[in-house]
Amino acid sequence: MKKIFLILFLSFSLHSIAQPVAIIPKPVKMELKEGSFTIDRNTSLEFDSKLSNLRNTVSFFSNFVNDVSGIRLHQHWKNGKKIYLKIRKEKVIGDEGYLLSVTPQSIVITANDPKGIFYGIQTLIQTLPKERTNAALQIPSMEITDYPRFQWRGMHLDVSRHFFTPNTIRMYIDLLSAYKFNTFHWHLSDDQGWRLEIKKYPKLTSVGAWRADRRGILWSQSQPTQPGEPTTYGGFYTQEQAREIVRYAAERNITIVPEFDVPGHSAAAITAYPFLSCSGKQQTMITGGIYPKDYESTLDVGKDSVYTFLENVLTEVMKIFPSKYIHIGGDEVDKSPWAKDSACQRLMRKENLKDLDELQSYFIRRMEKFLNAHGKKLIGWDEILEGGVAPEATVMSWRGESGGIAAAKQHHYVVMTPGEPLYFDHYQAGPEGEPLAFGGMNTLKMVYDYNPVPKELSPDEAKYILGAQANLWAEMIQSETHVEYMILPRMLALAETDWTPLPEKNYDDFYNRVQQKFREFDQEGLTYCEGNFNVTFVPGSRNGKLNVTLQSEIPGAQIYYTTDGSYPGAGSILYNGSVNIDSSMKIRAVVVQNGIVKSKVPSQQSFVVDKVSGLNVNYQFPPSTQYMANGINSLTDGIRGTLAVNKYWHGFAGNDMIATIELPETETIHEVSAGFLQRYSDWIFLPQWMKVEVSDDGQNFHEAGKVKNDISPEEMQLLIKDFKIDFSSVPCRYIRVTAKNLGVCPPGHPGEGKPAWLFADEIVVY
Ligand code: ACM
């Protein structure tokens, strides 16, 4: 017996495990040194016994070490080497920062606060394997000074559209904590489910947490629960479970900010308690994206009983969540029921509120007063700015950055969470071969390159940006592995954006560290997206000739392409510099990494080459800066538009498109066409007519042809139409194309009388 033990012990002490150091987020200052510290059976983990608040952190690390190596760290010095945790005043590093010193003799973590010690421990853990090794552990010698750039480093999870178990929530919190996030925004209510037990209103969960099971049906086609149909799909957290999760999060430096989304997005609460809506009508739970006509999802903010309900709910909520912030939603409110509701109208008269935005603002202010009176702060989506923002409110900017910019300029605190690039329900690759996502494309690099401080803000205003947060809406997500896939590795990019000083950020270096994290995810059994292996085509021109640059966000990878329509592979043309587009062609390209084709399908782009390709376009009215496509010469870049509005199209708000192109020399032309888009729901209409004029001198033009639109502005189908004019050949040097904007949105349109958009993609001349 004794002999066997000795052999095991010897083999144990001979092997030790070290792995490449890849710390995310990258520390402010880090210097790797010669040698390493070995954690073995004699190592102790010590701290000043007066600092009992370090006990959790100590158990956290001891348990981790024990899990991966079987080693139990001693709490008091035996005869081995020491890991020592010290609280001491250190000015630079603030509340959450730490100093870490690893030498072959000792590890010392110093911080002002236990939060900093915890982050030092998380950094140590990032140097260790994530699976059981049964070996001593090596930590390379290093000196680190580290502290965060932002105080709000957040991740959100929607548990309403699909319910996730407490185990999944703990997994989510573990990941946040490992990458030094400090805020978990828990979206606990929405139209499709109310997820927290409220003792005073038991139906919120007995009714509002359950719906008909429509798994297997597309969200957009998911019909409401039918009367009498069993409501078997859903779930909720008991208050005890929520308290336990709050405790679990706090032990990992995570504050949970609960969100109860009101006064819109409240269909689940209204289904449980119909008195909350304007109509008071009984309804069944919706199960997805189909909302029947007259369905109620907005609270009746004119009734005192609604405020009493919310105050009672929040009173219970505040007892569970110690967070300073409570999120009250405020987004996408359908205010139309308020216009017909007598209680709302009475309140508006009494409070002198001039429109429905001001009524919403009244509601938010009243909620804020209640929260402030209980020592809490209100945070809401950027719609809370409409009608006047509540005095102390913090704004979460999701519809781009404009809400955040406006709020910071008014000296309100802001959390940046713009849909692009911080909505993690959007694609991160593909979309071919990817799980169905909500839309859009937010790649790892886009998240990494995001700077939460917009350039529009002065240094003083920039102080109001608390940080950035990514949101994971769950319409398309039903499983824990799918949650992991959508956040990994994008949350690592956000972690670095939120923590690391801007000058220290470097995408290529980050990408290499992510590759090491992939190995750790494999060890931990986490699901993740390997990368965006698309090729991006960036058109350009030189001396009036078209070319295209091919780009990949995979550092060190090669791009191979074809121009003859054949399927590209590692034997195709190796890209090295821009490709000249001298005739119409389709380029198909793949990304090759370490000799392996990584793209699931080739990326492809067609180019149309004609007499004006690559030439400059002069506009009488410039296109809107919101819709610049590939830049000012997009109409001659050889790329035709698709039905998506945010690429390829130049948009003109209310103005005509009057575009003049100068040919390099006099040429004979006989056909001019241009493409236009109609998207009724987005206020985009085909032109009333298009006209072509030609000139020899750029001064005197004469009309070569005109064509009228034959499609009604009321046509709601998305469509692209080429307006084409043929004429007998004319020699000319200048071509002027005028497309007449519809002017204003037509009668009956939601934007009736407001400026109409005109969208053009390309001018083609033969
Ligand atoms: C939101 O995405 N409606 C905040």
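Asker: Give a detailed account of the overall build of the protein chain, specifying residues and quantitative values.
Answerer: When helices and strands are counted, the protein chain shows 18 helices and 33 strands. Taken along its principal axes, the extent of the C-alpha atoms in the protein chain is 100 × 70 × 55 Å. Sorting the 766 residues of the protein chain into buried and exposed places 56% on the buried side. Counting only contacts in the protein chain whose residues sit at least 6 apart along the sequence, the fraction spanning at least 24 positions is 72%. In the form shown here, the protein chain has an accessible surface area of approximately 32200 Å², with 50% of it arising from carbon and sulfur atoms.

Asker: Which residues make up the packing of helix α10 (residues 342–351) against helix α11 (residues 356–373), and what are the values?
Answerer: Between α10 and α11, the least distance of the axes is 11 Å, while the angle of their chain directions is 85°. Looking at the two axes, α10 sits roughly perpendicular to α11. From α10, Cys-344, Leu-347, Met-348 and Glu-351 reach across to α11, where they touch Leu-356, Leu-359 and Tyr-362. Of the residues belonging to the contact of α10 with α11, the class tally is six nonpolar, no polar and one charged.

Asker: Kindly report on the pairing of strand β33 (residues 757–765), identifying the contributing residues and their values.
Answerer: Judged by how many residues are buried, β33 sits mostly within the fold: nine of nine residues are covered. Where strand β28 (residues 650–653) lies against β33, four bridges are found, and the strand directions are antiparallel. Directly across from Phe-652, in β33, lies its bridge partner Leu-758.

Asker: I'd like to hear about the environment of Ser-606, residue by residue, with values.
Answerer: With respect to the helices, strands and loops of the structure, Ser-606 is situated in strand β26 (residues 603–607). Ignoring sequence-local partners within four residues, the contact set of Ser-606 consists of Met-585, Lys-586, Gly-638 and Ile-639.

Asker: Summarise the side chain of Arg-252; cite the residues concerned and give the values.
Answerer: For Arg-252, the position within the fold is in the loop between α6 (239–250) and β13 (255–262). With a relative accessible area of 11%, Arg-252 lands in the buried category. Excluding anything up to four places from it in sequence, Arg-252 contacts Phe-60, Phe-118, Ile-173, Asp-174 and Ser-177.

Asker: Give me the sheet that holds strand β20 (residues 545–551): which residues, what numbers.
Answerer: Read from one edge to the other, the open sheet built from three strands follows the order β19-β20-β23, with strand pairing classed as antiparallel. Each edge of the open sheet is held by one strand with a lone partner, namely β19 (536–542) and β23 (579–580). Sheet topology places β20 next to β23; two bridges connect them, and they run antiparallel. Looking across to β23, one finds that Val-548 is bridged to Val-579.

Asker: Tell me about the environment of Asp-710, and name the residues and values.
Answerer: The residue Asp-710 is located in the loop between β31 (701–708) and β32 (719–739) in this model. The spatial distance from the C-alpha of Asp-710 to the C-alpha of Glu-368 is 53 Å, given a sequence separation of 342 residues. For Asp-710, the side chain forms a polar contact with the side chain of Lys-721, separated by 3.3 Å.

Asker: Mind laying out the pattern of salt bridges, listing which residues take part and the relevant values?
Answerer: Summed over the entire model, instances satisfying the criterion amount to 41 salt bridges. One salt bridge connects Glu-461 with Lys-409, and the closest N-O pair in it is separated by 3.3 Å. Here Lys-409 lies in helix α12 (residues 402–409) and Glu-461 lies in helix α15 (residues 459–462), a separation of 52 residues in the sequence. Residue Glu-461 is classed as buried on the basis of its relative accessible area of 16%. When its relative accessible area of 42% is taken as the criterion, Lys-409 is described as partly exposed. Ionic pairing is found between Lys-600 and Glu-434, a salt bridge with its closest N-O pair at 3.2 Å. Here Lys-600 is found in the loop between β25 (596–597) and β26, whereas its partner Glu-434 is found in the loop between α13 (419–422) and α14 (444–449), with 166 residues between them in sequence. With a relative accessible area of 52%, Lys-600 lands in the exposed category. When salt bridges with common partners are traced through the structure, they connect Lys-335, Asp-357, Asp-382, Glu-383, Glu-386 and Arg-399 into a single cluster.

Asker: Can you break down unusual backbone geometry residue by residue, with the values?
Answerer: For residues other than glycine, phi is negative in most cases, and the peptide bonds are mostly trans. The residue after Ile-24, namely Pro-25, is reached through a cis peptide bond having omega -5°. By the element assignment, Pro-25 lies in the loop between β1 (16–17) and β2 (29–39). Of note, the amide linkage connecting Gly-430 to Pro-431 takes the cis form, showing an omega dihedral of 15°. Inspection of the secondary structure puts Pro-431 in the loop between α13 and α14. Look at Asn-594: it is not a glycine, yet its phi comes out positive at around 50°. Note on placement: Asn-594 falls in the loop between β24 (585–593) and β25.

Asker: Describe the packing of helix α17 (residues 490–499) against helix α18 (residues 507–524), listing the residues and the values that go with them.
Answerer: Axis separation between α17 and α18 bottoms out at 11 Å; the angle between their running directions is 130°. In terms of orientation, α17 lies oblique with respect to α18. When you trace α17 past α18, the crossing you get is right-handed. Where α17 approaches α18, its residues Leu-492, Ala-493 and Glu-496 are matched on the opposing element by Phe-510, Arg-513, Lys-517 and Phe-521. Classifying every residue of the contact of α17 with α18 gives four nonpolar, no polar and three charged.

Asker: Which residues make up a nonpolar patch on the surface, and what values do they have?
Answerer: A cluster of nonpolar side chains, namely Leu-643, Leu-718 and Ile-720, defines an oily patch on the protein surface of about 220 Å² accessible area. Secondary-structure assignment places Leu-718 in the loop between β31 and β32.

Asker: Could you give an account of the packing of aromatic side chains, with specific residues and numbers?
Answerer: Taken as a whole, this structure holds 36 aromatic pairs when the rule is applied. Ring geometry for Phe-60 versus Phe-118: centroids 5.1 Å apart, planes at 50°, classification tilted. Remark: Phe-118 occurs in helix α3 (residues 114–126) and Phe-60 occurs in helix α2 (residues 55–69); sequence separation between them is 58 residues. You can call Phe-118 buried: its relative accessible area is 1%. When the ring of Tyr-307 is compared with that of Tyr-362, the centres are 6.4 Å apart and the planes differ by 85°; the resulting orientation is edge-to-face. Of the two residues, Tyr-307 sits in helix α8 (residues 304–320) while Tyr-362 sits in helix α11, which places them 55 residues apart along the sequence. One exposure class covers both Tyr-307 and Tyr-362, and it is buried. Here a set of aromatic residues connected by ring pairs shows up, and it is made of Phe-163, Tyr-172, Phe-184, Trp-186, Tyr-237 and Phe-321. Between Arg-252 and the ring centre of Tyr-248, over which it is positioned, the NZ or CZ distance is 3.6 Å. Seen from the ring of Tyr-307, Arg-366 lies directly overhead, with NZ or CZ sitting 3.7 Å from the centre.

Asker: Can you lay out α12 for me, pointing to particular residues and giving the numbers?
Answerer: Looking at α12, one finds that the buried residues are Gly-403, Gly-404, Ile-405, Ala-407 and Ala-408. Elements in contact with the buried residues of α12: β16 (394–397), β17 (414–416), α15 and β18 (465–472). The positive-phi residue at the C-terminal boundary of α12 is His-411, with phi of around 60°.

Asker: Explain the environment of Asn-451 to me, using residue names and the numbers behind them.
Answerer: Positionally, Asn-451 belongs in the loop between α14 and α15. Under the relative-accessibility criterion, Asn-451 is labelled partly exposed at 25%. Once the C-alpha coordinates of Asn-451 and Thr-205 are considered, the two residues, 246 residues apart in sequence, prove to be 39 Å apart. Those residues in contact with Asn-451, other than ones at most four positions away along the chain, are Arg-149, Glu-401 and Leu-502.

The rules behind each value
Throughout this description, residue numbers start from 1 for each chain and increase along the sequence as written. With pLDDT at 70 or above as the cut-off, local features in this predicted model cover only qualifying residues; side-chain atom pairs require 80 or more to be listed or tallied, and sums for whole chains, interfaces and linings still use all residues. Values shown for side chains rest on all heavy atoms present in the structure; no hydrogens or waters enter the calculation. Numbering of helices and strands runs from the N terminus, with a helix taken as a DSSP run of H or I at least four residues long and a strand as a DSSP run of E at least two residues long. For every residue, the accessible area (1.4 Å probe, protein chains only) is compared with the maximum for its type, and the residue is labelled buried under 20%, exposed over 50%, or partly exposed between those bounds. Any two residues whose heavy atoms approach within 4.5 Å at even a single point are treated as in contact. Methods summary: accessible areas were calculated by the Shrake-Rupley approach with a probe of 1.4 Å, and residue burial reflects only the protein chains presented. Angles run from 0 to 180 degrees between N-to-C directions of axes, and those axes are lines fitted to C-alpha atoms, restricted for helices to the stretch in contact. Working definition: roughly parallel below 35 degrees, roughly antiparallel above 145 degrees, roughly perpendicular at 65 to 115 degrees, and oblique for all remaining angles. Residues are sorted three ways: Asp, Glu, Lys and Arg are charged, Ala, Val, Leu, Ile, Met, Phe, Trp, Tyr, Cys and Pro are nonpolar, and all the rest, Gly among them, are polar. Pairing between strands is defined by DSSP: at least two bridges between them are needed. In protein, a polar contact means a hydrogen-donor-capable atom and an acceptor-capable atom, both N or O and within 3.5 Å, with residues adjacent in sequence counting only if both atoms are side-chain atoms; elsewhere, any N or O pair within 3.5 Å suffices. For this document, the term salt bridge refers to a Lys or Arg side-chain nitrogen within 4 Å of an Asp or Glu carboxyl oxygen. Here a crossing is called left-handed whenever its near helix is offset anticlockwise from the far helix by less than a right angle, and right-handed whenever the offset is clockwise. Patch rule: a residue counts if its relative accessible area is over 30% and it has no salt bridge; like charges are joined within 9 Å, and nonpolar side chains (Val, Leu, Ile, Met, Phe, Trp, Tyr) within 5 Å. Only Phe, Tyr and Trp rings are paired, with Trp represented by its six-membered ring, and only when their centres lie within 6.5 Å; those with planes under 30 degrees apart are stacked, over 60 edge-to-face, the remainder tilted. Lysine and arginine charges are scored as sitting over a ring when NZ or CZ, respectively, is within 6 Å of the ring centre and within 35 degrees of the ring normal.

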